[in-house]
Amino acid sequence: MTEKPTTGAYLVIQMGAVGKRVELWKDLTTIGRSRDCDIFLSDIAVHRKQASIVWTIAGYVLRDDNGSNDSFVNGRPVQEKLLNNGDQLLFGNSQITFHANEGTRPFQLPVSRGHELHIGKQPDTQPQAIARLELMHGHSVVHRIELFDGMTIGRSSECDIFLEDLAVSRLHITIKELAGGEYEIVDNRSATGTRINGRAVKRAVMHDGDSVQIGASTFVFRVSHT
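## Points about the sheet that holds strand S4 (residues 39–40)
Across a sheet, paired strands are connected by hydrogen bonds in the backbone, their directions being either parallel or antiparallel.
1) Next: Pairing is mixed across the open sheet formed by five strands, whose spatial order is S4-S3-S5-S6-S9. The open sheet is flanked by S4 and strand S9 (80–82), the only strands paired with a single partner.
2) Next: As paired elements, strand S5 (residues 51–56) and strand S6 (residues 59–64) share six bridges and run antiparallel to each other. Counterpart to Ala51 in the pairing with S6 is Asp64.

Next up, the structure:
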């Protein structure tokens, strides 16, 4: 049996000028277009079960699970490859950077949150609310990002979502989940401020449909029930 990952490795998923940081906290992390994958890519060019990142004694290994030679590392198709810090992974149109050497606090992936907590328990039949931010370009949704308590957004690559925008502070905002299941946005004394529906806020509870402006980026807050 392999050891538990302790290296603090993480991935950065590129979404234009926006990057989403995802910690590697499992022995095996699955990637694909299926919601059952640990890392869900909403990219029609990606297979439902595209690839896996497996922890071994030697380090993290990328394994192509589709057999179509369309998982790439640094521009070359691979079936299986030991990953090095800074490697560029490409699945369909989705570009991901592997980082191997920074110790950070692991967190549970939004797309798989709660799965481990329900092992051995009766399933909860009550509707579950899923909150997300939708990154907008004009009137079109560019990407959907599920929220979790303590998520950070800023210009630092240490943030869970980082924005390559000089108008954005390194740790611009923190999103907190409240006891009633609502989400509150907290501005961390940013230089340019945070706006919800055009109004500057220091902290505010978000409601479905709210527009959140951070630098040049606009997000819409959404809540759905499953």
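On we go from here.
## Section: the confidence of the model for the protein
Detailed reading of the predicted model is not advised wherever pLDDT is low.
1) Next: Summing up the model confidence of the protein, the mean pLDDT is 83 and the portion of residues at 70 or higher is 84%.
2) Next: Predicted confidence is poor over residues 102–121, with pLDDT under 50, and the contacts of this stretch with residues over four places away or in other chains come to 49 contacts.

## Focus on the packing of aromatic side chains
1) Next: Inspection of every chain in the model, using the stated rule, returns three aromatic pairs.
2) Next: Put simply, the rings of Trp55, Tyr60 and Phe98 pair up and form one aromatic cluster.
3) Next: Seen from the ring of Phe40, Arg35 lies directly overhead, with NZ or CZ sitting 4.1 Å from the centre.

## Structural notes on the environment of Gly92
1) Next: Within the element layout of this structure, Gly92 appears in the loop between strand S10 (88–91) and strand S11 (94–99).
2) Next: On the basis of relative accessible area, Gly92 is assigned to the partly exposed category, the value being 29%.
3) Next: Separated by 42 residues in sequence, Gly92 and Gln50 place their C-alpha atoms 9.4 Å apart.

## Considering unusual backbone geometry
Excluding glycine, a negative phi dihedral is what most residues carry, and trans is how most peptide bonds are arranged.
1) Next: Of note, the phi angle at Asn74 is positive, near 55°, even though the residue is not glycine.
2) Next: Not every positive phi belongs to a glycine, and Asn197 is a case in point at roughly 55°.
3) Next: Within the secondary structure, Asn197 sits in the loop between strand S18 (194–196) and strand S19 (199–201).

## Regarding the side chain of Ser156
1) Next: With respect to the element layout, Ser156 can be found in the loop between strand S14 (151–154) and strand S15 (161–163).
2) Next: Once residues within four sequence positions are removed from consideration, Ser156 is found in contact with Phe162 and Arg170.

## With respect to the nonpolar core
The nonpolar side chains of soluble globular proteins are, as a tendency, buried together.
1) Next: Judged by nonpolar contacts, the single largest core of 25 residues is most densely connected at Leu147, Ile175 and Met206.
2) Next: Contributing elements (two or more residues each) for this core: strand S12 (129–137), S14, S15, strand S16 (173–177), strand S17 (183–187), strand S21 (211–214) and strand S22 (217–225).
3) Next: It is S12 that contributes the most residues to this core, three residues altogether.
4) Next: One finds Ile31, Leu62, Val73 and Ile96 within the second-largest nonpolar core, a separate group that totals 21 residues.

Rules and cut-offs
Residues numbered from 1 in each chain as written. Predicted model: local features only at pLDDT ≥ 70, side-chain atom pairs only at ≥ 80, totals over all residues. Heavy atoms only, no water. Pairing = 2+ DSSP bridges. Helix = DSSP H or I, 4+ residues; strand = E, 2+ residues; numbered from the N terminus. pLDDT = per-residue confidence, 0-100. Contact = heavy atoms within 4.5 Å. Phe/Tyr/Trp six-rings, centres within 6.5 Å; stacked < 30°, edge-to-face > 60°. Lys NZ or Arg CZ within 6 Å of the ring centre and 35° of its normal. Buried < 20%, exposed > 50% of the residue type's maximum accessible area, 1.4 Å probe, protein only. Core = buried A, V, L, I, M, F, W, Y, C linked by side-chain atoms within 4.5 Å.

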